[in-house]
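# Residue-level structural notes
Read off the chains here:
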Amino acid sequence: MGLRSLQSRMNKLISSLLGTSMMCSLMAQVEPGAGKWKTWVIPSGSAMRLPAPPDSDITTTELQWAKECVSQRDQATLSTIRYWDAGSPGYRWMQLAEQYVVNGGMSTPLQTRALALVAAAISDATIAAWDSKYAYNRNHPSDLDPTVSPVVAVPQSPSYPSEHAAAAGAAAAVLAYLFPDKATNLADMANEAATSRVMAGVAFPSDAFSGLDLGQSVGRAVIAYAQADGSNQTFTGSYAPKPGVWSSSTPVAPLAGTWKPWVLNAAQDFRPGPPPAFGSDAANTQYAADKNLVRTNDTNHLAWFWQPGFFQPWLDQVNQEIFQNHLDLNAPRAARAYAYQAVAQHDATLACWDTKYTYLELRPSQADPTITPVFAIPQHPGYPSGHACASGASAAVMSLLFPDDANLFATTANAAGTSTFDAEIHTQLDVSQGLILGGQVGQKVAARASADGAN
C-alpha cells in the first residue's frame, strides 16, 4: 500500500472517528501455526497471504498517525473501543448474526445456514490473517514507541493484519449478502470495528485496512460458496391431506434435505429407518405418551425456554466456554469453536429435514386431535425432532472442543430434545431418534476437527 493511498484512508479514519460521538516488548506466540489450519471455503490461509506490510519509512509515518489518534480519544471513542474489544474478534458479529436471523423470521434451515456461513467466514479470515501475521511478524505500535498508550490488552500475536478487522470484513460481507437491506450499516460497523483498534493504540492503520480487505476477500469466497449450496431452489410440489400422512399447505423448507452440507457427503448419510406405521400399536403407543403427559411447571418451563429456537442457547454456551477457557484472547481457537458448532447444527438440520420429508410423520396433535400442544405446531413433519438433531450434533462437537464439560453438553442436548415432547409437538421417538441422528452428524464433524491441524 503506497503512502498516498494509506494517508487518504487514514484521513478518513480520523475524520470519521473523531467527528462523531464516538495495551510487549517481545512478540508473544499465540497459535503461530494457525495459518496452516484447515479452512472451510478458501483453499488455505496462505492462498490469501497479504503483501508485506509497509516499510520502515511508512511505518514511522503511521506511528505518528496512531499517536495522534490515541491523543484525541474521548469518552465516545473509548466506549466504541470497549464494545468491539469485548470477547474474541467474532463475538459481536455472531451476536449480530443471531439478532438478524431472529428478527428476519427465517426458517430453521435458513437460520442455521446463516450462522454457519458467518462463522465459517470469520474462521477462514482468522486463519488467513494468522498466515500473514507470522509470515511478517510486525510489531505493534507500542512495541516500537512506548509513548503509545493502549487502552486494551495488546494482542499477543503480530500486528499485521488486525484480526478484528479481518473478522469484521468477512462477517459484514456475508451478512450483507444474507440481509442486503443492512449492507450500509454493516459496512459502517466493519469500518468502526477495524478502526477502533487503531484508536485503541494496538494496531497501525495499515493493519486495520489490510485486515478489512482480507476479510472482505474471504467473505466474497464464502458468498460464492453459499450461492451454490442449493438453498435457492423453488418448491413446486404439494403436501395435500392424506390419511395417516403429514400434510401442510405451507410446508417449511421442504427441499432443505437436498442442500449442500458442510461436512456430510449428503444430508441422507445417516438417514434413520422409518417411524412406526400410522395406526400400528407402536405408533399408537408413541402418541399415547403425549396424550398422557402430565404437565407441570417444569415441563412447561422447559418447553417455553426452548421454543424460540435451539441455536440461541447453544450460541450462548459457546460464548460461555470461550470466556471460561480464556479463548477470547485466542482468536483462532474462538473462531474455530464458533464455526464447528454452527456447522454441526446446520449439517444436522439438513439431515433432520431430509428425514422429515422422506417419512412425513404426523405430529401428535395431527394423529390425535385430543392432544393439545403447548404452542402451535411447526409446519414441517414430526420425525425426528429438529431440536434434538441440532442439539445432539452440538453436544458431540462441543464435547471434543471442551471435554471438561461433556456431561453438561449431553444434559443440555437431552433437555432441548425433551422440551419438544413436553410441548407435545413431538413423540418420544422423534426425540430419541433425533438425538441419535444429531450425534452421528456431530461425530462426523468432530472427526474433521480432530484432523484440521489445530491439535
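Just so it is clear, the model here is predicted, and its values are computed rather than measured.

## Details of the environment of Q111
Relative to the helices and strands, Q111 is located in helix α5 (residues 108-136). On the basis of relative accessibility, which here comes to 12%, the residue Q111 falls in the buried class. Spatially, the C-alpha atom of Q111 lies 8.4 Å from that of F311, the residues being 200 residues apart in sequence. If sequence neighbours within four positions are ignored, Q111 has contacts with V101, M106 and F311.

## Some details on the state of the cysteines
Per the stated rule, a full pass over the model turns up zero disulfides. Lacking any disulfide linkage, C352 is separated from the closest cysteine sulfur, that of C389, by 3.3 Å. Taking relative accessible area as the criterion, C352 reaches 0% and is therefore assigned buried.

## Observations regarding the nonpolar core
Nonpolar side chains in soluble globular proteins generally cluster together in the buried interior. If you look at the biggest cluster of nonpolar residues, it comprises 123 residues, and the most contacted ones within it are W93, V118, L175 and W262. Ranked by residue count, the leading element in this core is helix α13 (residues 331-359), at 16 residues. Apart from residues no more than four positions distant in its own chain, W93 is found in contact with W84, I122, A168, A171, A172, L175, L186, M189, A190 and A193. Residues A303, V374, F375 and A423 belong to the second largest nonpolar core, which totals five residues.

## Points about helix α15 (residues 386-401)
The end-to-end C-alpha distance of α15 is 23 Å, a good match for the 22 Å that 16 residues give at a rise of 1.5 Å each. For α15, a buried count of 14 out of 16 residues is recorded, marking the element as mostly surrounded by other parts of the structure. The distance from a side-chain oxygen at the start of α15 to the backbone nitrogen of H387 is 3.4 Å, and the residue carrying that oxygen is S385.

## Section: the packing of α13 against helix α17 (residues 428-450)
Here α13 crosses α17 at 145°, and the two axes come no closer than 9 Å. Of the two possible hands of crossing, α13 and α17 adopt the one that is right-handed. Taken together, the residues of α17 that come into contact with α13 (itself represented by R336, Y340, V343, A344, D347, A348, A351, C352 and T355) are L437, G438, V441, V445, R448 and A449. When the residues that make up the contact of α13 with α17 are grouped by side-chain class, the tally is 10 nonpolar, two polar and three charged.

## So, the pattern of salt bridges
Evaluated as defined, the whole model comprises 12 salt bridges. Across the pair D354 and R271 runs a salt bridge whose closest N-O atoms are separated by 2.7 Å. Pair noted here: D354 is in helix α13 and R271 is in the loop between α9 (205-227) and α10 (281-291), with a separation of 83 residues, a long-range link. For R295, the salt bridge goes to E424, with nearest N and O atoms at 2.8 Å. Note that R295 is positioned in the loop between α10 and α11 (297-306) and E424 in the loop between α16 (406-422) and α17, a separation of 129 residues in sequence.

## Description of the side chain of T299
One can find T299 in helix α11. Take T299: its relative accessible area is 12%, and that puts it in the buried class. At a separation of 2.8 Å, a polar atom in the side chain of T299 contacts the main-chain amide nitrogen of T296.

## Details of unusual backbone geometry
Omega for the peptide link from Y160 to P161 comes to -5°, which places this bond in the cis form. Cis geometry marks the peptide bond from Y383 to P384; its omega dihedral reads -5°. Within the secondary structure layout, P384 lies in the loop between α14 (364-367) and α15. Of note in the backbone geometry, A253 takes a positive phi value of approximately 45° without being a glycine. Structurally, A253 can be placed in the loop between α9 and α10. Judged by its relative accessible area of 17%, A253 falls in the buried class. Located in the positive-phi region is H326, a residue other than glycine, with phi close to 60°. Positionally, H326 belongs in the loop between α12 (311-324) and α13. Its relative accessible area of 56% is what places H326 among the exposed residues.

## Side note on the packing of aromatic side chains
For the coordinates displayed, the defined rule picks out 15 aromatic pairs. Between the aromatic rings of Y100 and F179, the centroid separation amounts to 5.3 Å while the plane-to-plane angle is 70°, which identifies the pairing as edge-to-face. One end of the pair, Y100, is in helix α4 (residues 91-103); the other, F179, is in the loop between α7 (163-178) and α8 (183-199), with 79 residues separating them in the sequence. Looking at Y100, the relative accessible area reads 8%, which means it is buried. On the basis of relative accessible area, F179 is assigned to the buried category, the value being 10%. Counting every residue linked through ring pairs, the aromatic cluster contains W40, Y225, W262 and Y340. The ring centre of Y83 lies 3.9 Å from the NZ or CZ of R92, which sits over that ring. The ring of W40 carries R448 above its face, with NZ or CZ at 3.6 Å from the centroid.

## Some points on α10
Listed as buried for α10 are A283, Q286, Y287 and D290. One side of α10 carries all its buried residues, which in axial view fall inside an arc of 90°. Facing away from the buried side of α10 by over 90 degrees, the exposed positions are D281 and T285. Here the buried face of α10 lies against α14, α16 and α17.

Basis of the calculations
- Residues numbered from 1 in each chain as written.
- Predicted model: local features only at pLDDT ≥ 70, side-chain atom pairs only at ≥ 80, totals over all residues.
- Heavy atoms only, no water.
- Helix = DSSP H or I, 4+ residues; strand = E, 2+ residues; numbered from the N terminus.
- Buried < 20%, exposed > 50% of the residue type's maximum accessible area, 1.4 Å probe, protein only.
- Contact = heavy atoms within 4.5 Å.
- Disulfide = S-S within 2.5 Å.
- Core = buried A, V, L, I, M, F, W, Y, C linked by side-chain atoms within 4.5 Å.
- Expected span 1.5 Å × (residues − 1).
- Polar contact = N/O pair within 3.5 Å; in protein donor to acceptor, adjacent residues only side chain to side chain.
- Axes fitted to C-alpha atoms, helices over the stretch in contact; angles between N-to-C directions.
- Left-handed = near helix turned anticlockwise from the far one by under 90°.
- Nonpolar A, V, L, I, M, F, W, Y, C, P; charged D, E, K, R; others polar.
- Salt bridge = Lys/Arg side-chain N within 4 Å of Asp/Glu carboxyl O.
- Phe/Tyr/Trp six-rings, centres within 6.5 Å; stacked < 30°, edge-to-face > 60°.
- Lys NZ or Arg CZ within 6 Å of the ring centre and 35° of its normal.
- Arc of directions from axis to C-beta.

What is shown is where atoms sit, not what they do.
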